[in-house]
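Reading the structure
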Amino acid sequence: MPQNYEALSDTEKYFIVILLALYAGTFLVGIIFWGEVPCTLDLQGECNFGTYFKRLLPFYGFTFAINIAIVLSAYYLNKLAKKSILIFRGLILPPLLCLFYYLYLYGSHFIKALF
């Protein structure tokens, strides 16, 4: 039995564009701050409050990009054509792979920074 997909309203189209822009922005933040090694928060020393969060930006950028891609693929599951759903599901892979590689490189520093 073929599925009938609903047409998107203008508001939903704008919502998709906004989410795609947020996805690209958060993914780019993760890529831009890639070389920053996470440090333990030390208010008196080298790793102050701003530096601490700046060095965690790749992790947050990649995880937010994954979350946005999941929202895109889940929310529009019944409204879009099969090809569009597969594209939105494919958006999860790049930040997920980058997150795994980031944790592979800086995982021990990341755990020390959080605890």
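This text goes with the structure placed above it.
Anyway, here's the lowdown on the structure attached to this text. Bear in mind the structure is a predicted one, so any value in this text is a computation, not a measurement.

1. So, a nonpolar patch on the surface
Where nonpolar side chains cluster on the molecular surface, the patch consists of L41, L43, F49 and F53 and spans about 400 Å² of accessible area. For F49, a relative accessible area of 52% puts it in the exposed group.

2. A word on the state of the cysteines
Evaluation of the coordinates by the stated rule reveals one disulfide. Residue C39 pairs covalently with C47 via a disulfide, S to S 1.9 Å. A torsion of 55° about the S-S bond marks the disulfide between C39 and C47 as right-handed. For the pair shown, C39 and C47 are each scored as buried.

What counts, and where the lines are drawn
Residues numbered from 1 in each chain as written. Predicted model: local features only at pLDDT ≥ 70, side-chain atom pairs only at ≥ 80, totals over all residues. Heavy atoms only, no water. Patch = residues over 30% accessible without salt bridge, like charges linked within 9 Å, V, L, I, M, F, W, Y side chains within 5 Å. Areas by Shrake-Rupley, 256 points an atom, 1.4 Å probe, with all protein chains shown as cover. Salt bridge = Lys/Arg side-chain N within 4 Å of Asp/Glu carboxyl O. Buried < 20%, exposed > 50% of the residue type's maximum accessible area, 1.4 Å probe, protein only. Disulfide = S-S within 2.5 Å.

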